[in-house]
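Coordinate analysis (summary)
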Number of protein chains: 2
Amino acid sequence: MAGTEQQQSPIGIFDSGYGGLTVLSEIKSLLPQYDYMYLGDNARAPYGNRSFEIVYQFTKDAVKWFFGQNCHLVILACNTASAKALRTIQQVDLPAMDPSRRVLGVIRPTVESVAGFTKTGHIGVFGTSGTINSQSYDIEITKLHPHLKVTGEACPIWVPLVENNEFDKPGADYFVKQHIHNLLKKDDKIDTIILGCTHYPLLITKIKQFLPQGIQVISQGKYVAESLKEYLQRHPEMEKRCSKDGTVRYFTTDLPGKFADMASLFLKENIEAQKINID
Amino acid sequence: MAGTEQQQSPIGIFDSGYGGLTVLSEIKSLLPQYDYMYLGDNARAPYGNRSFEIVYQFTKDAVKWFFGQNCHLVILACNTASAKALRTIQQVDLPAMDPSRRVLGVIRPTVESVAGFTKTGHIGVFGTSGTINSQSYDIEITKLHPHLKVTGEACPIWVPLVENNEFDKPGADYFVKQHIHNLLKKDDKIDTIILGCTHYPLLITKIKQFLPQGIQVISQGKYVAESLKEYLQRHPEMEKRCSKDGTVRYFTTDLPGKFADMASLFLKENIEAQKINID
């Protein structure tokens, strides 16, 4: 048992689909020495509009798969999974499955960074319906920074716009303007907006184009990467278990060819993917 | 065994999500005397961009569930399932599962109606990527009407537009115009367009608005309903097995409250739904 625990293995990065690739990209860039396994549950994506129960079940399937691959550390690079499944997996499942392993999310690192940006104390969050309805950002931000006021806006059509490669084309304008308008109508003092969905960095040029001047946009990948770096510094026992050959392997629950095509939109490089089953 | 077969039961109507409700609506209107069970596999929807293998597996799960509910006749009111799974289920699975039961699709009835509309002999098809890439409409139309020329156009963002209640709002204009333009650029002699996705009837007002005059649009529900009526007339042994209390029950693999809300967009009436598992 001790031998297994000490065996080195890649860091697992999970997303329902492709969005987590924006997070992987930042993590690879900051921590290129480690090995990574990326898994997209494309056969069951998107998670954004799904129920708590379904998201929890699907995410647990993924975590079990990573543990079966001997990963010691798994990042849920998916806001919906982080919002709806992470806490239960950390508190209920991990102690039973293997208390020496860790599952981390993307919401906490983003939230920790936010106070350094706002002057008005008014924060906006764009996310999927699942993330916004769960109020995870509101809850996590208020826990750390009780003086901040958080307002969410669900943008359910932004993921389809990205995944259909429309994110930099004129048809996206209406929907980017629409949700900026809706958010600022709810709170016109917002000076900092979190992109609370890993797909949204691909829309950042348009978002910045239509935002009033002086409003900052926080994209998660960078903060998740920095937070992972700090985590590994604070936990040398975990760091030792991470293998270090600088490789990335990609896995999907649906067609690997389609995954590879779509991944090139997010990564701006060509990759190969392997099909696996997790349910 | 004979007793079970003769027991009357509802007609099953299956879709990956909500789109099949446009078909159910037409069937109910033409054949109000029968009982129906509608199942939306919302936990795993949308099927449109999924692989053949996954769509086949998911559809088979649904058919098995209906058979477990004692349904003798199941309509796949889903173009993707009809395109990717119907033939294998009819030819491989049904003989093994129960040769007395029937599974029908939505493509054949639509295709049978098309020749009566076109004068130029040039047909267009709008559908999801799955339906268009499968070339099911081309193949089925050419089988029945070898003189017709069929051109497909995948409109993958139309389903998200419908499901996000944007189908009658200005943001949909760009994407409706875009796909009409793309289709007619491929073949400017098209005078008849099939809406090869059960979601698209909700976009029909906009589609007609942006189509050049003289091009007709065929929405499937009506033809599927007429075809079912004829099928039951030709197969009195099946007709006898259909229960006739004029009821409809709704089932979903995800949250029933969400299903009910969304169904009201499609049915213009309030319904109640029940959650079930099929995988």
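Given the structure is predicted, the values throughout are model-derived calculations rather than measurements.

On to the overall build of chain A, then. In terms of regular secondary structure, chain A is built from 14 helices and 10 strands. For 279 residues, the compact-globule estimate of 2.2 N^0.38 gives 19 Å, and chain A sits close to it at 18 Å. Counting the 279 residues in chain A, one finds 60% classified as buried. In chain A, the proportion of contacts linking residues at least 24 apart, taken out of those at least 6 apart, comes to 79%. Summed over its atoms, the accessible surface of chain A is roughly 11300 Å², and 49% of this surface lies on carbon and sulfur atoms. Charged side chains in chain A number 30 positive and 30 negative. The centres of these two groups are separated by 3 Å.

On the secondary structure map, Thr110 of chain A appears in helix 6 (residues 107-114). In this structure, Thr110 of chain A is in contact with Tyr137, Ile194, Ile218, Gln220, Tyr223 and Val224 of chain A, ignoring residues within four places of it in sequence.

Residue-level contacts link 29 residues of chain B with 29 residues of chain A. Carbon and sulfur atoms supply 56% of the area buried between chain B and chain A, which totals about 2100 Å² over both sides. For the interface between chain B and chain A, the tally reads zero salt bridges. Counting across the chain B and chain A interface gives four residue pairs in polar contact (both at pLDDT 80 or more). For the side of chain B that touches chain A, the element with the most residues is helix 10 (residues 171-186) of chain B, which contributes five residues. Partitioned by chemical class, the residues of the side of chain B that touches chain A number 14 nonpolar, seven polar and eight charged.

On to the sheet that holds strand 3 (residues 73-76) of chain B, then. Residues and elements named next belong to chain B. Within the open sheet, the six strands sit side by side as 4-3-1-2-9-10. Their pairing is parallel. Lying at the two open borders of the sheet, with one neighbouring strand each, are strand 4 (102-104) and strand 10 (273-275). Taking each pair of neighbouring strands and ignoring which way they run, the sheet shows an average axis angle of 25 degrees. Note that strand 1 (residues 11-15) and strand 3 share three bridges and pair parallel. What sits directly across from Ile13, in strand 3, is Ile75.

Residue and element names in this part refer to chain B. If you trace the four strands from one edge of the open sheet to the other, you get 6-5-7-8, paired in parallel fashion. What marks the edges here is a single partner per strand, and that holds for strand 6 (149-154) and strand 8 (216-219). This sheet shows a mean twist of 25 degrees between the axes of neighbouring strands, independent of strand direction. When strand 7 (residues 192-195) meets strand 8, the two strands line up parallel, connected through four bridges. Counterpart to Ile194 in the pairing with strand 8 is Ile218. Sheet contacts for helix 12 (residues 220-234): strand 7 and strand 8; angle to strand 8, the most-contacted strand, approximately 50 degrees.

Between chain B and chain A, the superposition needs a rotation of 180 degrees and an axial shift of 0.0 Å, giving an RMSD of 0.0 Å. Those values place the two copies in the arrangement expected of a two-fold rotation axis. Scanning chain B for the C-alpha nearest the rotation axis identifies Arg44 of chain B, at a separation of 2.7 Å. Mapped onto chain A, 100% of the interface residues of chain B again fall at the interface, so both copies present the same surface.

This paragraph deals with the domain arrangement of chain A. All names here are of chain A. For chain A, the assigned domains are domain 1 (2-105 + 222-275) and domain 2 (108-220). Of note, the centres of domain 1 and domain 2, computed from C-alpha atoms alone, are 23 Å apart. The interface of domain 1 with domain 2 comprises 22 residues on the first partner and 27 residues on the second. Here domain 1 and domain 2 share an interface that buries about 1800 Å² over both sides, 58% of which is from carbon and sulfur atoms. Of all residues in domain 1, Asn79, Tyr223 and Leu265 give up the largest surface area on contact with domain 2, accounting jointly for 34% of the area buried on that side. Between the two partners, domain 1 and domain 2, sit one salt bridge. Glu140 is paired through a salt bridge with Arg87; the nearest N and O atoms lie 2.9 Å apart. Across the contact surface, domain 1 and domain 2 share 11 residue pairs in polar contact (both at pLDDT 80 or more).

Residues and elements named next belong to chain A. Here Gln209 shows up in helix 11 (residues 204-210). Gln209 gets classed as exposed once you look at its relative accessible area, which sits at 51%. For the pair Gln209 and Val176, spaced 33 residues apart in sequence, the C-alpha to C-alpha distance is 9.6 Å.

Attention shifts here to the nonpolar core. Judged by nonpolar contacts, the single largest core of 116 residues is most densely connected at Leu21, Trp158 and Leu232 of chain A together with Leu21, Trp158 and Leu232 of chain B. For Leu232 of chain B, the contacting residues outside a window of four places in its chain are Ile11, Leu31, Tyr34, Leu73, Met238, Glu239 and Cys242 of chain B.

All names here are of chain B. Scanning the entire structure with this criterion turns up 27 salt bridges over all chains. A salt bridge links Arg101 to Asp98; its shortest N-O distance comes to 2.7 Å. Residues Arg101 and Asp98 agree in their burial class; the two are buried. Between Glu112 and Arg108 there is a salt bridge, with the nearest N and O atoms lying 3.8 Å from each other. Here Glu112 pairs with Arg108, and both are found in helix 6 (residues 107-114), just four residues apart, close to one helical turn. Owing to a relative accessible area of 37%, Arg108 belongs among the partly exposed residues under this scheme.

Residue and element names in this part refer to chain A. One can find Met97 in helix 5 (residues 86-97). Once the C-alpha coordinates of Met97 and Leu144 are considered, the two residues, 47 residues apart in sequence, prove to be 29 Å apart. Residues within four places of Met97 in sequence aside, it is in contact with Val63, Lys64 and Phe67.

Residue and element names in this part refer to chain B. Looking at the element boundaries, Lys60 is found in helix 3 (residues 52-68). Relative accessible area serves as the criterion here: at 16%, Lys60 is assigned to the buried category. Here the alpha-carbon distance between Lys60 and Asp93, two residues 33 residues apart in the chain, equals 8.4 Å. With residues up to four places along the chain from it excluded, the contact list for Lys60 reads Ile89 and Asp93.

What characterises a pair of aromatic rings is the spacing of the ring centres plus the angle enclosed by the ring planes. Enumeration according to the criterion identifies 28 aromatic pairs over all chains in this entry. Ring centres of Trp65 of chain A and Phe66 of chain A lie 5.1 Å apart, and the angle between their planes is 70 degrees; this geometry places the pair in the edge-to-face category. Comparing Trp65 of chain A with Phe66 of chain A, the two get one shared label, buried. An angle of 45 degrees between the planes, with centres 6.3 Å apart, marks the rings of Tyr38 of chain B and Tyr250 of chain B as tilted. You can see Tyr38 of chain B sitting in strand 2 (residues 36-40) and its partner Tyr250 of chain B sitting in strand 9 (residues 248-252), a full 212 residues away along the chain. Judged by its relative accessible area of 0%, Tyr38 of chain B is buried. Looking at Tyr250 of chain B, the relative accessible area reads 6%, which means it is buried. Put simply, the rings of Tyr18, Tyr38, Tyr250, Phe259 and Phe266 of chain A pair up and form one aromatic cluster.

Calculation rules
- Residues numbered from 1 in each chain as written.
- Chains lettered and ligands numbered in written order.
- Predicted model: local features only at pLDDT ≥ 70, side-chain atom pairs only at ≥ 80, totals over all residues.
- Heavy atoms only, no water.
- Helix = DSSP H or I, 4+ residues; strand = E, 2+ residues; numbered from the N terminus.
- Rg over C-alpha atoms; globule rule 2.2 N^0.38 Å.
- Buried < 20%, exposed > 50% of the residue type's maximum accessible area, 1.4 Å probe, protein only.
- Contact = heavy atoms within 4.5 Å.
- Areas by Shrake-Rupley, 256 points an atom, 1.4 Å probe, with all protein chains shown as cover.
- Lys, Arg positive; Asp, Glu negative; His and termini not counted.
- Charge placed at Lys NZ, Arg CZ, Asp CG, Glu CD.
- Buried area = accessible area lost by both parts, 1.4 Å probe.
- Salt bridge = Lys/Arg side-chain N within 4 Å of Asp/Glu carboxyl O.
- Polar contact = N/O pair within 3.5 Å; in protein donor to acceptor, adjacent residues only side chain to side chain.
- Nonpolar A, V, L, I, M, F, W, Y, C, P; charged D, E, K, R; others polar.
- Pairing = 2+ DSSP bridges.
- Axes fitted to C-alpha atoms, helices over the stretch in contact; angles between N-to-C directions.
- Least-squares fit on C-alpha atoms with pLDDT ≥ 70 in both.
- Domains from an automatic or database assignment.
- Core = buried A, V, L, I, M, F, W, Y, C linked by side-chain atoms within 4.5 Å.
- Phe/Tyr/Trp six-rings, centres within 6.5 Å; stacked < 30°, edge-to-face > 60°.

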